[in-house]
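Here's the letter readout for the chains.
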Amino acid sequence: MKKKLRVKRSKHIDETYKISFKFNGKLYHGFKGDTLASALLANDIHLVGRSFKYHRPRGIMTAGSEEPNAIVQLHNNSPRTEPNVRATEVEIYEGLEASSQNCWPSVNFDFGGINNLLSPLLPAGFYYKTFMWPASFWEKYEYFIRKSAGLGKSPTKPDPDIYEHRYIHCDVLVIGAGISGIISAKTAAKNGFKTLLVDEKPYLGGSTIYQNSEYFKINNQNSGSWLEKEINEIKKIKNLEIKTRTSVAAYHGYNYLLARENLTDHLQIERRKNKTRHKLLKIRAKKVITATGSIERPLVFDNNDRPGILLSSAIKKYADLFGVACGEKNILFTNNDSAYETAISLIQKGINIEAIVDNREEVSSKLIYEVEKNNVKIYKGHTITNTHGYKRIKKISIMQLSKDGHNVVGSKIHLSCDCLGISGGWTPAVHLFTQSGGKLKFRDEDQVFIPNIYPSDQISVGACNGDLTLDTILVNVPKSLKDFLDIKKNVYENFEVLSSHNNSKRNIWLLPSDKILGKTKSFVDYQNDATAKDIKLALREGFKSIEHVKRYTTTGMGTDQGKLGNMHALGIISETSEAKMGELGTTTFRPPYTPLTFGTIVGRNVGEYFDVYRKTPIHEWHEKNNAKFENVGQWKRAWYYPKNKEDMFQAVQRESKAARESAGILDASTLGKIDIQGTDASEFLNRVYTNAWSKLEIGKCRYGLMLNEDGMVYDDGVTTRLGENHYLMTTTTGGAANVLGKLEDYLQTEWPELDVYLTSVTDHFATISVCGPNSKKIISEIFPSLDLSDKNFPHMSFKKTKIGKIHCRIMRISFTGEQSYEINVQANFGKSVWEKCIEVGKNYNITPYGTETMHLLRAEKGFIIVGQDTDATMTPIDLQMDWIVSKKKYDFIGKRSLYRSDTIREDRKQLVGLLTDNPNEILEEGAQIVADINKSPIEMLGHVTSSYFSPNLKKSIALGVVKGGKNMLGQRLIIPMENKKINVTVTDPVFLDKENNRLNA
Amino acid sequence: MFLINCPFCGEREQSEFKAGGEAHIVRPKQPTELSDDEWAEYLFMRKNIKGVQLERWNHIHGCRKWFNIVRDTTNDEIKAVYKMGEKPPI
Ligand SMILES: [Zn+2]
């Protein structure tokens, strides 16, 4: 039998515009204006997912961004798929496809449902206690946990959408366009402030806009109609910008806020093409008015999580705004007057109410009187003790509360229903306020936290400030605005307000039941499946701080960050531990308020790395020639160039051999380059490098090592003296920006008297390194007029020359130990000069090689790579590079630290070479090095930093750092691996051509 | 995220700057004359004040100039900005 759940026409819903969509593969219809949740409810679907831990069936619970249960996956298996979307926020469009996500294999038959039956075995902290032991079992547990817990699936294909970032500067930002926000925005804008009003929903007016009853009036009009006029008016104000579908995700210091403007998610997929999907708004506001309203609290009783149980205010919103009845037999359960507002809305729309259960004893108000007049049975002083129905609520059990509210008395009454609305009062939405650094205070009368101390120029107004009724809002909001904006006359004054609420509330954090607590499932945090019992267990096990209880029970975590349940958790802790709520404090509400997509966060930088990457001028050639790339900082560097299905090892072996036997060519453009000029340039270099620079002749190059002030190696590279007062420094690829920053620091703050100017020229030049025994022949063919004799152009020297009209700087320097020339040309000629080298080099089998071969070749020579063979604990002495540390210079950066008691220790880790007994055994980089494996615990002497199979030496070679390694030459050490021990011998770190004959060969 | 008033460029986003730690720590002119303890004092010891602190900042993605600020570390309020070599105005 099909229920008729669409009731009375609503302005918000366009019933002439029918929309079809799919949920869990089945086709349904809704109307324009519906959310996925309202459309599902209109189709009598409550069950949408399974809970995280116990896999209990869960339904739609709210009508907003606080939804903990109705979390769905959109467009599964498409590049646009998105997990963890709240059905209450999805606006439906033609072709929408949504599916339940926390269930396997289906929402109606869920394998994990067995967890519910096993729940006595799954107390709080269960995952910590069980799955962590024994450690070796974790992998097996993990498979099942991942499979059955799954919080949705990430897209696996590239994101087809466009995202933007935008800066907005305004005088006043108003967050939330409910009645308080509308009043605030109008007041600010009318007083000349450049104002921005944002709201997460697609419409303005919050919950007042659908308030249409005789009981809430402003200046003798229904509050909803009054607000609608106000909204129409503010839309005309020029200095007021209004953004709907825009949710503020984070509120940082200095009134810096991040908001996500959602531009296309409500459109049919076909209409999204070439449109920006999300815009991340980076808002700098002089003043911020937070008007984020309040969130209704659930009530905590046994089995309070069944599908069909909603917040009372959500039932009202579905009826008033969407014209949808959530059930045909509705029961409301409340501790305050709000449920009666819902009841009146339902009565107005002809929706049946079976009963209202009110835990207050003696209570009367105009609202209650009106409901009673309509023959709705009200059970005063009662509580629900249990609910029944697995996939949909069917029945509730109620009992009378004792006078003190601690127990239930009398006999049980059973009431049948298909929908239950619960109302535990209201919680001001203070999340953004606390994110900004604001401090809360606790208001005892109605048990709420409200803003107390503001850290920046901001105020909270309306319900989020604890003004929870229409009359207090209309009195207090204009008053606060007057002070905050420092204005003389307020546009809103002397309202005539009718608000029919009775403010009484009977707050019982955990409602009693006829069962013992251990046998109940009273959910506090629905999304994380944390129950009252779990919280009490945590307290019994000794957790006292709310932050600890949060982590142990997972209450307040997840995508909803405890929007619904946090107060109950605190309340139960407070009652159990007899600590005052105000003193307990709340847990930290972390940004984002609602989840953001990666696209929103990275903006234009969607793609593989969510970041920009840098390409050398020769990049295109590498791509064409099948290079594999390696990320070095933001750079894409050619890693190796596989030929004929070679793997990396084979390609690197071939490249390394070719470079030593004939010629290799490397794109070294990524090396940092700093142009240094000024009359004190030489003195400056003297102070920043460990070796001496004053005597370096013009046209010569020198290798330099740069330390931190603590004596540890920081960077290295070759610097060339181009002129009397002109040097070109090269740095490591990854260190370029930091080196420049450090040099500027010393220049500006310690040595301002030096006449030196630094300019980064990394991007201005392409650097091509040609090495190998035939490199000289290749260079001479490219530059026929250049005298390449060792006498005229020796190792570590520099020449200026030209190819045609292209100026070239050639440095004869070597990082491979081979004779080698580095050609630097203006970046835009880089590719053509590279191609020329390749062309000319053909006769010599010139072989392009990448970073991996470069690393192998230098390791054969024992040259270090800063950051690979060093970390921030290696001095030049540890690296056996004493030769580069000047004994004569009075001072340089880090010098004093080289003879601190700690840096002169003999047993520091020192760089050594390592040779395996078996020449074919290649060590793993990072592997630990020990001497004695019989001693327990085994002493770790160091680790392997670089390891390769050398095709030129035909054996495995490695560099490593070993405690006291300098004096261990010839000593035998052990590298213990998972299944074996590898025996090694400590050697000199230089494996090949110790005499440097090849440099001039 | 702070707004920092670079003395050379004006008010800019914090993301354009790099923090450089405590201000007014002068590198000793004659490090070789110092004992290990004295050198360590310069090298490692920082006050890390809870409250008003003098700090070095670099406008690394702007004019690249170093300068000092006076910041209250409890609420991130920047009370003053001044150039290298100048005395703190507060
Ligand atoms: Zn600047």
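Residues numbered from 1 in each chain as written. Chains lettered and ligands numbered in written order. Predicted model: local features only at pLDDT ≥ 70, side-chain atom pairs only at ≥ 80, totals over all residues. Heavy atoms only, no water.

1. Examining the overall build of chain B
Thought 1: A tally of helices and strands in chain B yields one helix and six strands.
Thought 2: When the helices and strands of chain B are listed from N to C terminus, the series reads β-β-β-α-β-β-β.
Thought 3: With respect to the three principal axes, the spread of C-alpha positions in chain B is 40 × 30 × 25 Å.
Thought 4: Of the contacts made within chain B by residues no fewer than 6 positions apart, 45% connect residues no fewer than 24 positions apart.
Thought 5: Taken as a whole, chain B presents about 5,200 Å² of accessible surface, with 49% of it coming from carbon and sulfur.
Thought 6: If the 14 positive side-chain charges of chain B are averaged to one point and the 14 negative ones to another, these points end up 6 Å apart. (Helix = DSSP H or I, 4+ residues; strand = E, 2+ residues; numbered from the N terminus. Contact = heavy atoms within 4.5 Å. Areas by Shrake-Rupley, 256 points an atom, 1.4 Å probe, with all protein chains shown as cover. Lys, Arg positive; Asp, Glu negative; His and termini not counted. Charge placed at Lys NZ, Arg CZ, Asp CG, Glu CD.)

2. Looking at the overall build of chain A
Thought 1: Regarding its fold elements, chain A presents 23 helices and 50 strands.
Thought 2: Oriented by its inertia axes, the alpha-carbon framework of chain A measures out at about 110 × 70 × 55 Å.
Thought 3: In chain A, buried positions account for 60% of the 1001 residues.
Thought 4: Considering only contacts within chain A whose residues lie at least 6 apart along the sequence, 67% involve residues at least 24 apart.
Thought 5: When the accessible area of chain A is evaluated, it comes to approximately 41,700 Å², of which 51% is carbon and sulfur surface. (Buried < 20%, exposed > 50% of the residue type's maximum accessible area, 1.4 Å probe, protein only.)

3. Remarks on the interface of chain A and chain B
Thought 1: Opposite the 29 residues of chain A that make contact, chain B presents 28 residues.
Thought 2: The contact between chain A and chain B buries some 2,500 Å² in all, and 44% of this surface belongs to carbon and sulfur atoms.
Thought 3: The largest share of the area that chain A buries against chain B comes from Tyr254, Tyr890 and Arg896 of chain A, three residues that together contribute 27% of it.
Thought 4: At the boundary of chain A and chain B, one finds six salt bridges.
Thought 5: In this structure, Arg27 of chain B and Asp891 of chain A form a salt bridge, with 2.8 Å as the shortest nitrogen-oxygen distance. (Buried area = accessible area lost by both parts, 1.4 Å probe. Salt bridge = Lys/Arg side-chain N within 4 Å of Asp/Glu carboxyl O.)

4. Overview of the coordination of the zinc ion
Metal coordination angles have textbook ideals: 109.5 degrees for a tetrahedral set of four donors and 90 or 180 degrees for an octahedral set of six.
Thought 1: The protein atoms that coordinate the zinc ion are Cys6 of chain B (SG), Cys9 of chain B (SG), His59 of chain B (ND1) and Cys63 of chain B (SG), at distances spanning 2.0 to 2.3 Å.
Thought 2: Taken together, the four donor atoms coordinating the zinc ion span angles of 105 to 115° at the metal, a pattern that classifies the geometry as tetrahedral. (Donors = N, O, S within 2.8 Å, 3.2 Å for Na, K, Ca; no water. Tetrahedral: all angles 85-135°; square planar, octahedral: opposite > 155°, others 65-115°.)

5. Notes on the confidence of the model for chain A
Do not read the fine detail of predicted coordinates wherever pLDDT is low.
Residues and elements named next belong to chain A.
Thought 1: Overall, the prediction assigns chain A a mean pLDDT of 92, with 94% of residues at 70 or greater.
Thought 2: Scored below 50 in pLDDT, residues 130–134 shows seven contacts in the model against residues more than four places distant or in partner chains.
Thought 3: Throughout residues 144–149 the model reports pLDDT below 50, and contacts reaching past four residues in sequence, or to other chains, amount to ten contacts. (pLDDT = per-residue confidence, 0-100.)

6. Here we look at the sheet that holds strand E36 (residues 701–707) of chain A
Residue and element names in this part refer to chain A.
Thought 1: If you trace the five strands from one edge of the open sheet to the other, you get E36-E37-E38-E35-E39, paired in antiparallel fashion. The open sheet terminates on both sides in strands that have one partner only, identified here as E36 and strand E39 (757–760). Averaged over neighbouring strand pairs, the angle between their axes works out to 25° when direction is ignored.
Thought 2: Here strand E35 (residues 672–677) pairs with E39 via four bridges, running antiparallel. For Gln677, the partnering residue across the bridge sits in E39 and is Tyr757.
Thought 3: The sheet strands contacting helix H20 (residues 736–750) are E35, E36, strand E37 (713–723), strand E38 (726–731) and E39, and the helix crosses E39 at an angle near 165°. (Pairing = 2+ DSSP bridges. Axes fitted to C-alpha atoms, helices over the stretch in contact; angles between N-to-C directions.)

7. Re the packing of helix H7 (residues 312–320) of chain A against helix H8 (residues 338–348) of chain A
Residue and element names in this part refer to chain A.
Thought 1: As a packed pair, H7 and H8 sit with axes 9 Å apart at the nearest point and diverge in direction by 25°. By the angle class used here, H7 and H8 are roughly parallel. Every pair of crossing elements has a handedness; the one defined by H7 and H8 is left-handed. On H8, the residues that touch Ser312, Ser313, Ile315, Lys316, Ala319 and Asp320 of H7 are Ser338, Ala339, Glu341, Thr342, Ser345 and Leu346.
Thought 2: Across the contact of H7 with H8, the residue classes tally to four nonpolar, five polar and three charged. (Parallel < 35°, antiparallel > 145°, perpendicular 65-115°, else oblique. Left-handed = near helix turned anticlockwise from the far one by under 90°. Nonpolar A, V, L, I, M, F, W, Y, C, P; charged D, E, K, R; others polar.)

8. Topic: the nonpolar core
All names here are of chain A.
Thought 1: One finds Leu36, Leu173, Ile283, Tyr318, Ile396, Leu420 and Ile422 to be the most contacted residues of the largest nonpolar core, which totals 134 residues.
Thought 2: Broken down by element, the residue count for this core peaks at seven residues, all from helix H11 (residues 470–485).
Thought 3: Val770, Ile823, Cys837 and Tyr844 belong to the second largest nonpolar core, which has 31 residues in total. (Core = buried A, V, L, I, M, F, W, Y, C linked by side-chain atoms within 4.5 Å.)

9. Brief notes about the confidence of the model for chain B
Thought 1: With 100% of its residues at a pLDDT of 70 or more, chain B shows a mean pLDDT of 95.
Thought 2: Per the prediction output, this complex has pTM 0.87; the corresponding ipTM is 0.97.

10. Overview of the pattern of salt bridges
Pairing between side chains becomes possible if they bear opposite charge and their charged atoms approach one another.
All names here are of chain A.
Thought 1: Under the criterion given, the structure shown has 68 salt bridges over all chains.
Thought 2: The salt bridge involving Asp305 is made with Arg56; its shortest N-O contact spans 2.7 Å. Of this pair, Asp305 sits in the loop between strand E16 (294–296) and strand E17 (309–311) while Arg56 sits in the loop between strand E3 (47–50) and strand E4 (57–59), and the two are 249 residues apart along the sequence. Neither residue differs from the other here; Asp305 and Arg56 are each classed as buried.
Thought 3: A salt bridge links Arg687 to Glu753, with the nearest nitrogen and oxygen atoms 3.7 Å apart. Of this pair, Arg687 sits in helix H19 (residues 681–688) while Glu753 sits in the loop between H20 and E39, and the two are 66 residues apart along the sequence.
Thought 4: Taken together, the shared-partner salt bridges connect Asp878, Asp902, Arg905, Asp907 and Arg908 into one network.

11. Some thoughts on the pairing of strand E7 (residues 97–100) of chain A
Residues and elements named next belong to chain A.
Thought 1: In the sheet, strand E1 (residues 14–23) pairs with E7 via two bridges, with the strands oriented parallel. By the bridge assignment for E7, Lys22 is matched with Glu97.
Thought 2: Alignment of strand E5 (residues 71–74) against E7, held across three bridges, turns out to be antiparallel. Residue pairing in the sheet places Val72 in a bridge with Ser100 of E7.

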